[in-house]
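# Fold and geometry: a report
Read off the chains here:
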Amino acid sequence: LADLYSRAMKLASEDLAKYDNDISFANDLKKKVFSSYLTNYRKAELEYLTKSSQEILEEFYSLINHDKKEQADAIQMHIKNVKSRLHNFRENMSASGTNLHEQAEMPNGQLLSFNVTTSLLEIHSRAVDRCVLLADPKDRSTILREIAVSLLNNFVKDHLEYAIDFYTAHRPPVDSRNEPVIGDFLTTVGNASVTYHTLEKCFNDTILPSIANTEVQSEVRKIRQTEMRRVEEKISLEINHCINSIVNWVKILLKNKQEKDDFMSDGCLQKPTTACNEVCRFILTNVLGTMNGPIDGENLQHVMMELGVRFHGALLDHLMGYQYNVVGAMQLIQDLHKYTATVKRFKDPFVDELFEGLNKLCNLLVVDPEQLIEFWNLGSLAHIEHGFLVQFVKLRADYRRNNIQSKLPSFGTHVRQ
């Protein structure tokens, strides 16, 4: 209809009009030939968009053998009953020795498709062109608004947001006793970022110009912002879950691989401890090796900083649970050198500063008791709360034997006997 209408109007304006100076001929042609078809244009256009969008999505999910309806119902059930289900499911899994991640039915392939993205954007872009051509001027902006809503519903809710919700419902809990598998979700995050920017470009290049200076312009902008803000929040929550899962696994590795006498031995290993090696291997291979690519730019920088800060906190808490003789402190310094070299790959100055601070803090475990005051007031240590420094110095195996408390600066109530 749009093609025929366009050609007829072009013929009327360029050819027939030169034989009839009355330009109203084109308008009469429109009324007599096309009016009966254009009466139901709005309904036909929106029905076509809904049908075509669903066909595109159904074909894609069929190709990857994914039953979206069944999974969508499961997702909704998961959201409504997450607390009770999680409690009962963990008990069952614990009793059977089965892991939640292994139970989840993951799709054959990724749930976000660039071909689906381009197809959905293309049919809605063409709908905008048809609307500008065919719609009655007084109804045009309203129909354009409905086209924009259709795009957000079919693309954002039914494809982009669905993929995120699916992985949310099927991912293992943060406190899983199994090494986290983050590759699938990070790929989804990366694909979501690409499709998000593609959608933004479509809105900026096609939809927003078509409704510029109309009464629906502000409303459409708000609708888009609301939809995309919800997607961004879900992605942020899942990235946070991913970071928590990584840090939880680091804690498990440290707890299970760190020997009780690693830092109280009479002989230094001349190499990092097993716990340190396992943690660094996991971060370098399973974390950095997976994150680089799916996440990039400012998003990657933010994730690396957040992960580095939480890793530092988990490591510090772990180290505060041990005592150190001089040889053990030297062993700790070897470990910290490897941890520091590992987080250098994060390429975040603040994280580097945190781990350099840990290295300097360890000097308090190896220096002669008479030199503690000198180190206490040097560089970055001078800015650390005295109470914490006291607790750290108490980790020395010789703290009581050498009466180190009496050799520390005065700091009142921070010191506990």
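The rules we used
- Residues numbered from 1 in each chain as written.
- Predicted model: local features only at pLDDT ≥ 70, side-chain atom pairs only at ≥ 80, totals over all residues.
- Heavy atoms only, no water.
- Helix = DSSP H or I, 4+ residues; strand = E, 2+ residues; numbered from the N terminus.
- Buried < 20%, exposed > 50% of the residue type's maximum accessible area, 1.4 Å probe, protein only.
- Contact = heavy atoms within 4.5 Å.
- Areas by Shrake-Rupley, 256 points an atom, 1.4 Å probe, with all protein chains shown as cover.
- Axes fitted to C-alpha atoms, helices over the stretch in contact; angles between N-to-C directions.
- Parallel < 35°, antiparallel > 145°, perpendicular 65-115°, else oblique.
- Nonpolar A, V, L, I, M, F, W, Y, C, P; charged D, E, K, R; others polar.
- Salt bridge = Lys/Arg side-chain N within 4 Å of Asp/Glu carboxyl O.
- Expected span 1.5 Å × (residues − 1).
- Polar contact = N/O pair within 3.5 Å; in protein donor to acceptor, adjacent residues only side chain to side chain.
- Left-handed = near helix turned anticlockwise from the far one by under 90°.
- pLDDT = per-residue confidence, 0-100.

Glancing now at the overall build of the chain. Secondary structure assignment for the chain yields 17 helices and zero strands. The burial tally for the chain puts 44% of its 417 residues in the buried class. When contacts within the chain are restricted to residue pairs at least 6 apart in sequence, those whose partners lie at least 24 apart make up 79%. Put simply, the chain shows about 22400 Å² of open surface, and 50% of that area lies on carbon and sulfur atoms.

The interhelical angle for the contact between helix 3 (residues 41-63) and helix 7 (residues 114-134), taken along N-to-C directions, is 170°, at an axis separation of 10 Å. Between helix 3 and helix 7, the angle falls in the class roughly antiparallel. The residues of helix 7 that touch helix 3, namely those facing Tyr41, Glu45, Tyr48, Leu49, Ser52, Ser53, Ile56, Leu57 and Phe60, are Val116, Ser119, Leu120, Ile123, His124, Ala127, Arg130, Cys131 and Leu134. Residue composition of the contact of helix 3 with helix 7, by class: 12 nonpolar, four polar and two charged.

Right, let's talk about unusual backbone geometry for a bit. The bulk of non-glycine residues show a negative phi, and the bulk of peptide bonds are trans. One non-glycine residue, asparagine 65, lies in positive phi territory at about 60°. Asparagine 65 sits in the exposed class, given a relative accessible area of 61%. Unusually for a residue other than glycine, lysine 347 sits at a positive phi of about 60°. Mapped onto the secondary structure, lysine 347 falls in the loop between helix 13 (326-343) and helix 14 (349-361).

What follows deals with the pattern of salt bridges. Close approach of charged atoms lets side chains of opposite charge pair. The final tally for this structure, using the stated rule, is 17 salt bridges. In this structure, aspartate 205 and lysine 201 form a salt bridge, with 2.6 Å as the shortest nitrogen-oxygen distance. Placement of the pair is aspartate 205 and lysine 201 together in helix 9 (residues 183-210), with a separation of four residues, close to one helical turn. Accessibility expressed as a relative area gives 47% for aspartate 205, which makes it partly exposed. Two residues, lysine 344 and aspartate 352, come together in a salt bridge whose shortest N-O distance is 4.0 Å.

If you check helix 14, its first and last C-alpha atoms are 18 Å apart, about what 13 residues at 1.5 Å a residue would give, namely 18 Å. Looking at the buried side of helix 14, the elements it contacts are helix 12 (297-319), helix 13, helix 15 (363-366) and helix 17 (386-393). For helix 14, the N-terminal cap is aspartate 348; the gap from its side-chain oxygen to the backbone nitrogen of phenylalanine 350 is 3.1 Å.

Two elements in contact, helix 9 and helix 10 (residues 217-257), have axes separated by 11 Å at closest approach and are oriented at 165°. One finds that helix 9 runs roughly antiparallel with respect to helix 10. As helix 9 runs across helix 10, the sense of the crossing is left-handed. On helix 10, the residues that touch Phe185, Leu186, Val189, Ala192, Tyr196, Leu199, Glu200, Phe203, Asn204 and Leu208 of helix 9 are Val220, Arg221, Arg224, Met228, Glu232, Ile235, Glu238, Ile239 and Cys242. Considering only residue class, the contact of helix 9 with helix 10 consists of 13 nonpolar, one polar and five charged.

Take asparagine 154: it is sitting in helix 8 (residues 137-170). The class for asparagine 154 is buried, based on a relative accessible area of 6%. At 3.1 Å, the side chain of asparagine 154 and the side chain of glutamine 54 are in polar contact. A distance of 2.8 Å separates the side chain of asparagine 154 from the backbone oxygen of serine 150, its partner in a polar contact. For asparagine 154, the residues in contact, after removing those within four places along its chain, are Leu49, Ser53, Gln54, Leu57, Leu120, His124 and His159.

Moving on: the confidence of the model for the chain. Model confidence for the chain is summarised by a mean pLDDT of 80, while 78% of its residues fall at 70 or above. Helix 6 (residues 100-103) is the least confidently modelled element of the chain, averaging 37 in pLDDT, while helix 13 averages 94, the highest of any element. Below a pLDDT of 50 lies the segment residues 89-109, which in the model reaches 29 contacts outside its immediate sequence neighbourhood of four places, other chains included. Residue range residues 411-417 is modelled with pLDDT below 50. Its contacts to residues more than four positions away, or to other chains, number 15 contacts.

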